[in-house]
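An overview of the molecular structure
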Amino acid sequence: MQFDWLTIEWLMRNLDWIAVVLVLAMLVLFFFPVLLGYDLKEKADKMKRKND
């Protein structure tokens, strides 16, 4: 595998973009379970109201 382009100079020049991508990935990974939990809670409440 050729990683000649992966140098400390390249890393320092692109560190801001790397950080932005990592922050966006962390936000997606954080909000997906939150939204999924909210949706599951809504469905559970709907089933509970339906059974009452």
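No experiment lies behind these values; they were computed from the predicted model shown.

About the thresholds
- Residues numbered from 1 in each chain as written.
- Predicted model: local features only at pLDDT ≥ 70, side-chain atom pairs only at ≥ 80, totals over all residues.
- Heavy atoms only, no water.
- Phe/Tyr/Trp six-rings, centres within 6.5 Å; stacked < 30°, edge-to-face > 60°.
- Buried < 20%, exposed > 50% of the residue type's maximum accessible area, 1.4 Å probe, protein only.
- Salt bridge = Lys/Arg side-chain N within 4 Å of Asp/Glu carboxyl O.
- Helix = DSSP H or I, 4+ residues; strand = E, 2+ residues; numbered from the N terminus.

1. What about the packing of aromatic side chains?
Counted under the stated rule, the structure contains three aromatic pairs. Aromatic side chains Trp5 and Trp10 sit 4.9 Å apart centroid to centroid with 75° between the ring planes, which places their arrangement in the edge-to-face category. Given a relative accessible area of 26%, Trp10 falls into the partly exposed group. Measuring from centroid to centroid gives 5.1 Å for Phe30 and Phe31, while their planes differ by 75°, and the two rings are edge-to-face. Among the aromatic side chains, those forming a connected cluster through ring pairs are Phe3, Trp5 and Trp10.

2. Digging into the pattern of salt bridges
The full count for this structure, using the stated rule, is three salt bridges. Here Arg13 makes a salt bridge to Glu9, at a shortest N to O gap of 3.8 Å. With Arg13 and Glu9 both in helix H1 (residues 8-13) and four residues apart, the pair spans about one turn of that helix. Under the relative-accessibility criterion, Glu9 is labelled exposed at 52%.

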